[in-house]
Amino acid sequence: MRPDDQLTDADRRHLSRCVELAREAVETGNRPFGSVLVGADGTVLKEDHNRTGSGDPTAHPELALARWAALNLSREARAAATIYTSGEHCPMCAAAHGWCGIGRAVFATSTPQLVAWLAEFGAPALPYKPITLRELLPDLEVVGPFGEFTDEIKALHERVHRH
Ligand SMILES: [Zn+2]
C-alpha cells in the first residue's frame, strides 16, 4: 500500500471519480469498476465503467479506454496520458494498455486485494492467473494502491459478491 500522502490533489480527484463510476456500474447491474482517461494537461478525455452485465465478460472500462485512445489520440498524446481506475487492470486490460501505448496507470485498489476479497466473500476466483500491472508491464509507470479508497471499494464488491 502506498502512503496516501503521495496522492496529488488531481490524482485523488480522478480516483474519486473512478469510485463514483464503479458505484454507477453496480447500480446498473455491472461489476464495481470505473476508469478515467486523462490527458497530459489534466483534461478528462473519456470515462467508462464496467459493462459486463451486458453478458460480455470482457466489457472492462480499462480496455474500452485504451481502445478509444488508440482510435482517437496520437501516439504522443497516448504516451502522455494516464488511465486512472478504481481496481487495478486485469491482464487483458494491462495488455491493451501496453498495446495502445498509454503512458501511466494509477489505481485505487490492487489485484491482490481483489483476490483476497473474493475469497473472503466466497465468490468464484478470477478466471486467470492474477498477474499485476507491474509484472505484466514492467516499464510502465504504475501508481497505487491507496488505502483511503479501500473501504468504499471493498463494500461495492461485497454488495456484488456476498449472497
Ligand atoms: Zn480488465
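Structure: above.
## Brief notes about the environment of Val 36
For Val 36, the location among the structural elements is in strand β1 (residues 34-38). The class of Val 36 is buried, set by a relative accessible area of 1%. Sequence separation of Val 36 and Arg 78 is 42 residues, and the distance between their C-alpha atoms is 13 Å. Those residues in contact with Val 36 that lie beyond four places of it in its chain are His 14, Arg 17, Cys 18, Leu 21, Val 44, Lys 46, Glu 47, Leu 65, Thr 82, Ile 83 and Tyr 84.

## Quick look at the packing of helix α2 (residues 61-72) against helix α4 (residues 91-99)
Closest axis-to-axis distance for the α2/α4 pair is 8 Å, and the angle between their directions is 15°. By the angle between their axes, α2 is roughly parallel relative to α4. Every pair of crossing elements has a handedness; the one defined by α2 and α4 is left-handed. For the pair α2 and α4, the contacting residues are Glu 62, Leu 63 and Ala 66 in the first and Met 92, Cys 93, Ala 96 and His 97 in the second. The class makeup of the residues in the contact of α2 with α4 is five nonpolar, one polar and one charged.

Reading the values: the criteria
Note that residues are indexed from 1 along each chain, following the sequence as it is written. Totals for whole chains, interfaces and linings use every residue, but because this is a predicted model, local features are given only for residues with pLDDT of at least 70 and side-chain atom pairs only at 80 or more, for both listing and counting. With hydrogens and water stripped out, all remaining heavy atoms of the structure feed into the side-chain values. The secondary structure listing takes helices from DSSP runs of H or I that are at least 4 residues long and strands from runs of E that are at least 2 residues long, numbered from the N terminus. Residue exposure (1.4 Å probe, protein chains only): buried if accessible area is under 20% of the type maximum, exposed if over 50%, otherwise partly exposed. Every residue pair with non-hydrogen atoms within 4.5 Å of one another is taken to be in contact. In this analysis, axes come from line fits to C-alpha atoms, helices being fitted only over the stretch in contact, and the angle between any two N-to-C directions falls in the range 0 to 180 degrees. Reported orientations rely on four angle classes, namely roughly parallel under 35 degrees, roughly antiparallel over 145, roughly perpendicular from 65 to 115, and oblique for the rest. Note on convention: the crossing is left-handed when the near helix lies turned anticlockwise from the far helix by less than a right angle, right-handed when the turn is clockwise. Each residue receives one of three labels: charged for Asp, Glu, Lys and Arg, nonpolar for Ala, Val, Leu, Ile, Met, Phe, Trp, Tyr, Cys and Pro, and polar for the others, Gly being one of them.

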